[in-house]
Amino acid sequence: MASIHKEILIQARPQDVWAAIRDVGAVHQRLAPGFVIDARLDGDARIVTFANGAVVRELLVDIDDEARRLAYAAVGGRTTHHNASMQVFAEGENHSRLVWITDLLPNEVTTVIHGLVEQGATTMKQTLEAQTTGS
């Protein structure tokens, strides 16, 4: 099983980063606009539409406010297994470290998913830092 680990240092307060991640139905507005173009809640899942046209159903496994951790599992699509988590850690008062871990099968799609994680991480960092500075 492939595992992708991505750490993102963000110039924003941990509670603000967590608030954007935790707002699972607004990922296309608060966390990754442009990379994700639509999201809607459907029971214990969200349906996410990406800019590349892919539509993914993500089961919301856990939202832990105390640990600032979101866990989800993508179902369908090109993977036979895809679970991920995002967790926010304080790096001082006004900085955060976002740890995004994705486990997936088959291994052959790792390169594609890794590229999407990189693109998503860049978008999240820019979006969250812009919200902090008001730009």
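Treat the numbers as computed from the prediction; the structure is a model and nothing was measured.

Attention now moves to the overall build of the chain. Along its length, the chain carries three helices and seven strands. Secondary structure elements of the chain, listed N to C terminal, follow the sequence β-α-α-β-β-β-β-β-β-α. If you line up the chain on its principal axes, its C-alpha atoms span 40 × 25 × 25 Å. Split into buried and exposed, the 135 residues of the chain put 41% on the buried side.

Now for the sheet that holds strand E3 (residues 45–50). One open sheet accounts for seven strands, arranged E1-E7-E6-E5-E4-E3-E2; its pairing is antiparallel. This sheet does not close on itself; its edge strands, each paired only once, are strand E1 (2–10) and strand E2 (36–42). The average angle at which neighbouring strand axes cross in this sheet is 20 degrees, direction not considered. Packed onto the sheet, helix H1 (residues 14–22) meets E1, strand E4 (55–64), strand E5 (69–75), strand E6 (81–90) and strand E7 (96–105) and runs at close to 155 degrees relative to E6.

Another aspect to go through is the pattern of salt bridges. Counting across every chain of the model gives nine salt bridges. Where Lys125 meets Glu129, a salt bridge forms, and the shortest distance between an N and an O atom there is 2.7 Å. Taken together, the residues span about one helical turn, with Lys125 and Glu129 both in helix H3 (residues 110–133) at a distance of four residues. Overlapping salt bridges bring together Glu7, Glu91 and Arg97 as one network.

Moving on: the layout of surface pockets. Its boundaries defined by the atoms lining it, the largest pocket holds a volume of some 580 Å³. For the largest pocket, the lining is made up of 32 residues, of which Phe50, Val56, His82, Ile113 and Leu116 are closest to its centre. Elements that contribute at least two residues to the lining of the largest pocket include exactly helix H2 (27–31), E3, E4, E5, E6, E7 and H3. For the lining of the largest pocket, the element with the most residues is H3, which contributes six residues. Here the lining of the largest pocket is built from residues that sort into 22 nonpolar, seven polar and three charged.

It is worth spelling out the side chain of Thr102 at this point. With respect to the helices and strands, Thr102 occurs in strand E7. Apart from residues no more than four positions distant in its own chain, Thr102 is found in contact with Ala2, Ser3, Ile4, His82, Asn83, Ala84, Ile113 and Val117.

For soluble globular proteins, the rule of thumb is that nonpolar side chains tend to be buried together. Residues Ile21, Leu98, Trp100 and Met124 are the most contacted members of the largest nonpolar core, which totals 33 residues. Among the elements that line this core, the one with the most residues is H3, at five residues. Setting aside residues up to four positions removed in sequence, Leu98 forms contacts with Lys6, Glu7, Ile8, Ile10, Ile21, Met86, Gln87, Val88 and Met124.

Quick look at the pairing of E2 now. Pairing of E2 with E3, which is carried by six bridges, proceeds in the antiparallel orientation. In the sheet register, Arg40 faces E3, and the bridge partner there is Ile47. Count of turn residues in the E2/E3 antiparallel hairpin: two residues, of which Gly43 carries a positive phi of about 65 degrees.

Okay, the environment of Ala54 next. Inspection of the secondary structure assignment puts Ala54 in the loop between E3 and E4. In this structure the C-alpha to C-alpha distance between Ala54 and Gly77, which are 23 residues apart in sequence, comes to 8.5 Å. Ignoring anything within four residues of it in the chain, the contact list for Ala54 reads Val48 and Thr49.

Cut-offs applied
- Residues numbered from 1 in each chain as written.
- Predicted model: local features only at pLDDT ≥ 70, side-chain atom pairs only at ≥ 80, totals over all residues.
- Heavy atoms only, no water.
- Helix = DSSP H or I, 4+ residues; strand = E, 2+ residues; numbered from the N terminus.
- Buried < 20%, exposed > 50% of the residue type's maximum accessible area, 1.4 Å probe, protein only.
- Pairing = 2+ DSSP bridges.
- Axes fitted to C-alpha atoms, helices over the stretch in contact; angles between N-to-C directions.
- Contact = heavy atoms within 4.5 Å.
- Salt bridge = Lys/Arg side-chain N within 4 Å of Asp/Glu carboxyl O.
- 1 Å grid on protein atoms, 1.4 Å probe; cavity = no way out; pocket = protein on both sides within 12 Å on 5 of 7 lines; lining within 4 Å.
- Points joined across faces, edges and corners; volume = space filled by probe spheres on them.
- Nonpolar A, V, L, I, M, F, W, Y, C, P; charged D, E, K, R; others polar.
- Core = buried A, V, L, I, M, F, W, Y, C linked by side-chain atoms within 4.5 Å.

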